[in-house]
Amino acid sequence: MSRARALVPGSVTLADLESLYWESPAVALHADTKPGIDAAAALVAQAAQGEEAVYGVNTGFGKLANTAIAAADTAILQRNLILSHCCGVGPALPERIVRLIMTLKLLSLGRGASGVRSEVIELLTGMLAAGVAPVIPAQGSVGASGDLAPLAHMTAVMLGEGEAIYRGQAMAGGEALAAAELTPIVLGPKEGLALINGTQVSTALALAGLFETWRCAMGAIVTGALSTDAIMGSAAPFRPEIQTLRGHQGQIDTGIALRALIEGSEIRASHRSGDERVQDPYCIRCQPQVMGACLDLLRFVGQTLAVEANAVTDNPLVFTFDGSIVSGGNFHAEPVALGADQIALAIAEIGAISQRRVALLVDPVMNFGLPAFLSPNPGLNSGFMIAEVTTAALMAENKQKASPCSVDSTPTSANQEDHVSMAAHAARRLLEMAKNLSQIIGVELLAGAQGVQFRAPLQTSDVLAQVIVRLRQEVAPLGADRFLAADMACAAGLIRSGAIITAAGPELLPDLAPEPVS
């Protein structure tokens, strides 16, 4: 078993989170967190024995907060809370996301403001190390009072209830713990509430959507450069002086990347003079402006989600410096909901401009001498005709899915929770949208490579040639019509896996979290 990665709550960076998402390692909280965790737990234990009403410690929950709970019943109270809140529906979340949810919960509890015992931390850590992943239904959270239902399904496994995946097999939660030689926990005062209050499901889904989208965006910069060369477009609009006059960092970075990708192309050099075209269509010429705006948006959301990933978002909060336990509203996932809505807009726009480049490539009126639909024998063959239609369908679907979720609040829990964020499904849709986006960009990869190869004997840049080599390891050039769905799936997979980024050279492409300029 590999050594657990030590995490310092409050200090985990966006780059750290991206690594946690893609690699799903075992993790553990830094040893320095234990004194603060234990001190908060002792304060909650003391409150549970007292006469003063403390929400969630010796009271009911939500609308039932005025109901007093005897000290002898606190364990039953917490267990009942978890079981009654296991009301999720729909397909199970992917294991990679479940592990990120559990890691984010550790980060939150590790701040020492939740009042859980170290045993809770140890069980979550042990489950991650052993590979016990609770089965968490995807639907049921409105993103306020925390992601109650999905986090209850996570916590149920810790009690020996619910369902889990262990070594690829679905089994009862108690069986999974036993197989991993872990012991179910009996929750103490407030511990159930600390585990299910919080934005970790919404945040994990939003982070997953962000990281998947960034990979697609980098792929789109590569395919955008490929398309530019294929239609013999001009690289002049990518000049740094243009981008610097506008001043937006994402635009500057995109322009730099596009020029680096095309640098040295014989195709580009061949039409520097004598080309009757004055300007390229916007989908070519305005790539720095459109993609740059999307990069800036994604980076901004990344900063928000990095803060949220390190936050304490349960309720009430335990302040050991003055001995107080205070009800607040950190469980409200509005920052995540708004961030997810912004990611959705970026996905829709990246797909829209990529789709227009696909349309440009297949159009014999616009593609500057390439054959119709990029077929060597159009008429008898349809080439990429319907592949382009598929990109249009996916583009339209993503536009519809980009409608904001955060504005659609509705009262719940007998009007006690009268404004909610809808962050969970705002973030969850991003995964499907990003998959659609990868399909659009994958078709552009196929079409761009086909177009460039039609320009032979002129050669594209060395960098883009390597991209085509990587594609051709999986997909042959299109000659006579063939079953294209498999080719499209393969190309989309190269986008989603980051293989095209690797082929082009990650150092040529913008970073999601660039180092600050000193």
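In what follows, the structure referred to is the one given above.
The rules we used
Residues numbered from 1 in each chain as written. Predicted model: local features only at pLDDT ≥ 70, side-chain atom pairs only at ≥ 80, totals over all residues. Heavy atoms only, no water. Pairing = 2+ DSSP bridges. Helix = DSSP H or I, 4+ residues; strand = E, 2+ residues; numbered from the N terminus. Buried < 20%, exposed > 50% of the residue type's maximum accessible area, 1.4 Å probe, protein only. Polar contact = N/O pair within 3.5 Å; in protein donor to acceptor, adjacent residues only side chain to side chain. Contact = heavy atoms within 4.5 Å. Axes fitted to C-alpha atoms, helices over the stretch in contact; angles between N-to-C directions. Parallel < 35°, antiparallel > 145°, perpendicular 65-115°, else oblique. Left-handed = near helix turned anticlockwise from the far one by under 90°. Nonpolar A, V, L, I, M, F, W, Y, C, P; charged D, E, K, R; others polar. Salt bridge = Lys/Arg side-chain N within 4 Å of Asp/Glu carboxyl O. Patch = residues over 30% accessible without salt bridge, like charges linked within 9 Å, V, L, I, M, F, W, Y side chains within 5 Å. Areas by Shrake-Rupley, 256 points an atom, 1.4 Å probe, with all protein chains shown as cover. Phe/Tyr/Trp six-rings, centres within 6.5 Å; stacked < 30°, edge-to-face > 60°. Core = buried A, V, L, I, M, F, W, Y, C linked by side-chain atoms within 4.5 Å. Expected span 1.5 Å × (residues − 1). Arc of directions from axis to C-beta.

## Notes on the pairing of strand 7 (residues 169-172)
Direction of pairing for strand 6 (residues 163-166) relative to strand 7: antiparallel, over a ladder of four bridges. Looking at strand 7, one finds that E163 is bridged to A172. Count of turn residues in the strand 6/strand 7 antiparallel hairpin: two residues, of which R167 carries a positive phi of about 55°.

## Looking at the side chain of E191
Inspection of the secondary structure assignment puts E191 in helix 8 (residues 191-196). We classify E191 as buried; its relative accessible area is 1%. For E191, the side chain forms a polar contact with the main-chain nitrogen of G188, separated by 2.6 Å. Discounting residues that sit within four places of it in the chain, E191 has contacts with Q78, V116, R117, V120 and V186.

## Re the packing of helix 9 (residues 200-230) against helix 14 (residues 287-309)
To describe two helices that pack against each other, one gives the angle between their axes and the distance between the axes. As a packed pair, helix 9 and helix 14 sit with axes 10 Å apart at the nearest point and diverge in direction by 160°. Overall, the two elements helix 9 and helix 14 adopt an arrangement that is roughly antiparallel. Relative to helix 14, helix 9 is oriented so that their crossing is left-handed. In terms of residue class, the contact of helix 9 with helix 14 is made up of 14 nonpolar, six polar and two charged.

## Looking at the side chain of K190
With respect to the helices, strands and loops of the structure, K190 is situated in the loop between helix 7 (173-179) and helix 8. Taking relative accessible area as the criterion, K190 reaches 0% and is therefore assigned buried. For K190, the contacting residues outside a window of four places in its chain are V44, G56, V57, Q78, S114, D314, N315, P316 and V318.

## A closer look at the pattern of salt bridges
Overall, the coordinates contain twelve salt bridges when judged by the stated rule. One salt bridge in this structure joins R5 and E23, with 2.7 Å as the shortest N-O distance. Here the residue R5 occupies a position in strand 1 (residues 5-7), and E23 occupies one in helix 1 (residues 14-23), the gap between them amounting to 18 residues.

## Section: unusual backbone geometry
With omega at -5°, the peptide bond leading from N315 into P316 counts as cis. Relative to the helices and strands, P316 resides in the loop between helix 14 and strand 8 (317-319). Residue P457 is bonded to the preceding A456 through a cis peptide linkage, with omega at 15°. Position of P457 among the secondary structure elements: in the loop between helix 17 (423-454) and helix 18 (462-472). One non-glycine residue with positive phi stands out, namely L374, at about 60°. Relative to the helices and strands, L374 resides in the loop between helix 15 (334-362) and helix 16 (385-401). For L374, a relative accessible area of 0% puts it in the buried group.

## Some words on a nonpolar patch on the surface
On the surface, a nonpolar cluster with roughly 300 Å² of combined accessible area is contributed by F319, F321 and V326. Within the secondary structure, F319 sits in strand 8.

## Here we look at the packing of aromatic side chains
When we look at a pair of aromatic rings, we describe it by the centre distance and by the angle of the planes. Summed over the entire model, instances satisfying the criterion amount to three aromatic pairs. Both rings, one in Y21 and one in F211, keep their centres 5.9 Å apart while their planes meet at 40°; by these two values the pair is tilted. In this pair, Y21 sits in helix 1 while F211 sits in helix 9, placing the two residues 190 residues apart along the sequence. Neither residue differs from the other here; Y21 and F211 are each classed as buried. Between F319 and F321, the ring centres sit 5.9 Å apart and the planes meet at 65°, which makes this aromatic pair edge-to-face. Assessed through its relative accessible area of 69%, F321 is described here as exposed. An aromatic cluster is present here, built from Y21, W22 and F211 joined pairwise through their rings.

## Focus on the nonpolar core
Ranked by size, the top nonpolar core spans 144 residues in total, and within it L17, I101, M127, V132, L207, I221 and L445 carry the most contacts. Per-element accounting of this core gives the leading share, 18 residues, to helix 9. Sequence-distant contacts of I221, that is, excluding residues within four places in its chain, are made with T254, A257, L258, L261, M291, L295, L509 and P510. If you look at the next biggest cluster of nonpolar residues, it comprises eight residues, including A40, V44, V54 and V318.

## A word on helix 19 (residues 485-497)
Two residues of an α-helix separated by three or four positions point the same way, owing to the 3.6 residues in each turn. The end-to-end C-alpha separation of helix 19 is 18 Å, in line with the 18 Å expected for 13 residues at 1.5 Å each. D487, M488, A491, A492, L494 and I495 are the residues of helix 19 that are buried. On an axial view of helix 19, the arc spanned by its buried residues comes to 150°, and they lie on one face. In this structure, the buried side of helix 19 is in contact with helix 9, helix 16, helix 17, helix 18 and helix 20 (499-504).

## Remarks on the environment of T13
Tracing the backbone through its elements, the reader meets T13 in the loop between strand 1 and helix 1. With relative accessibility at 37%, the residue T13 sits in the partly exposed group. With 297 residues separating them in the primary sequence, T13 and N310 have C-alpha atoms 8.7 Å apart.

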